[in-house]
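# Summary of the model geometry
Now for the letters of each chain:
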Amino acid sequence: MIFKYVLRSLRSRLWEALSLAATVFLCLALFLAIHGMIAQRQAELDGVYQNTEIACVVTDATGNIRNGLSIPGEYLSLFHEGGALHDHVKGIACHATASFLLLGEERIPLNLLNTPDAVPLFAENPITYFDGYGDADLVGEDVVAIIPENLTSYVTTDGMLTLSFPPRGESSMTVRVIGTYSSDVSAIYLSLDAGQKLLEGSVNKVTLSTLSFRVADNRKLNETKMALGEYFVAADPINQGSLRFGLWMDDAAFVDTVMVLERSIALFVLFRTVLWVLSLCVCFLVIFLIVRRRRAELAIMRSMGCSTFLLYGQILCEMTFCFVLGALIASLATSATTMLPGDETVNVIGILLGGCLIGTAGSVTAVISGDIMKILKGKE
């Protein structure tokens, strides 16, 4: 029965119904558009956090020297599991050197590497890899090495080479040779992990000439800076004469981008809050004016014995229909631009609908709470 009255009432008050639907459409369209902008900016911010690589390079205290440093090998323990910096950094790249005995008393320098980017760039003496090998294999799981051509006589027929640590050669390791290079300097290149196994218990014999890494979690950048600050100083010319090692961190562009995005999100959130309040106020006003124009009709229905439940039910159903019509058009119109998940759109519409229903109930209460006879006399 109540739905029949609702349909009749909407047909007889078509313009009022359309005005409420249009109000809801405009409010929701603006609100969903701003909500979508916030979601887009948040996605951009998440992308910056996840995809930006913040490079850190160890230098001298002034930041002028990045190569040929004499960093004690103990620094490597900081990055190992359980080390103070293990959870803060990733992608460690370094050149480390040590001396080994190789099939005799001749001392051969050793370079330790642990990323393909750390493989030395032999501009004048390029690496000649054996078939099936490349830079990535030098830092893979297999224990492999690159040697100068003048040391190939020490390689066995099956491509293996034995390295031993001086002075007495108690610690030794057999490695597979995957390439050679032409040079007067007899240095062997070995992966860092393999070299550390060979040097286990003798890490103090290793000297790092270069060391770089990346921040593990950009969201914890401040924590990472504090942890790094315990062992390195910020590279700056004012540190002239300092014996500590400096650290250059390429985070300026990242910090600026994050700051811009966070400010943009905060501004849009403020706009959304203001629009939310204005939308509720406008919808309340429109609903109250529509209900107030029907005070005589509602008074007559009450005088004819209509229950309060019927009055509330009819008005609420009418307003809900108009709201749903406006909300449906608004969600369809903005879906292509906001790209909000369906549950978020439903939440936004549901909250505004709840507010409108509360406003409708309040308007009906305010209108029908007056004296019926006075309302009717005023009509006459």
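The structure we're discussing is the one just above.
Residues numbered from 1 in each chain as written. Predicted model: local features only at pLDDT ≥ 70, side-chain atom pairs only at ≥ 80, totals over all residues. Heavy atoms only, no water.

## Some remarks on the pairing of strand S6 (residues 144-148)
By the criterion of burial, S6 is predominantly enclosed, with five of the five residues buried. Residues Val144, Ile146 and Pro148 line one face of S6 and the alternating positions Ala145 and Ile147 line the opposite face, and both faces are buried. Strand direction decides the pairing type here: S6 and strand S8 (residues 172-181), joined by five bridges, are parallel. Bridged to Ile146 within S8 is Gly179. Strand direction decides the pairing type here: S6 and strand S9 (residues 188-191), joined by two bridges, are antiparallel. By the bridge assignment for S9, Ile146 is matched with Tyr189. (Buried < 20%, exposed > 50% of the residue type's maximum accessible area, 1.4 Å probe, protein only. Helix = DSSP H or I, 4+ residues; strand = E, 2+ residues; numbered from the N terminus. Pairing = 2+ DSSP bridges.)

## Points about the pattern of salt bridges
Throughout the structure, instances matching the rule amount to four salt bridges. Of the charged contacts, one joins Asp46 and Arg219 as a salt bridge, the two residues approaching to 2.8 Å between their closest N and O atoms. Linking Asp46 in helix H2 (residues 14-51) with Arg219 in the loop between strand S10 (207-215) and helix H5 (221-229), this pair joins segments that are 173 residues apart in sequence. By relative accessible area, Asp46 is classed as partly exposed at 24%. The shortest N-O distance in the salt bridge between Glu53 and Lys90 comes to 4.0 Å. With Glu53 in the loop between H2 and strand S1 (55-60) and Lys90 in strand S3 (residues 89-101), the pair connects residues that are 37 residues apart, well separated along the chain. Owing to a relative accessible area of 42%, Glu53 belongs among the partly exposed residues under this scheme. Salt bridges sharing partners connect three or more residues here, namely Glu53, Lys90 and Arg214. (Salt bridge = Lys/Arg side-chain N within 4 Å of Asp/Glu carboxyl O.)

## With respect to the packing of aromatic side chains
Enumeration over the complete set of coordinates arrives at five aromatic pairs. Where Tyr75 meets Phe232, the ring centres are 5.7 Å apart and the plane angle is 45°; that geometry is what we call tilted. Here Tyr75 is found in the loop between strand S2 (71-72) and S3, whereas its partner Phe232 is found in the loop between H5 and strand S11 (233-234), with 157 residues between them in sequence. Each member of the pair, Tyr75 as well as Phe232, is classed as buried. Seen from their ring centres, Phe79 and Phe213 are 5.3 Å apart, and the 45° between their planes marks the pair as tilted. Linking Phe79 in the loop between S2 and S3 with Phe213 in strand S10, this pair joins segments that are 134 residues apart in sequence. Taking relative accessible area as the criterion, Phe213 reaches 2% and is therefore assigned buried. (Phe/Tyr/Trp six-rings, centres within 6.5 Å; stacked < 30°, edge-to-face > 60°.)

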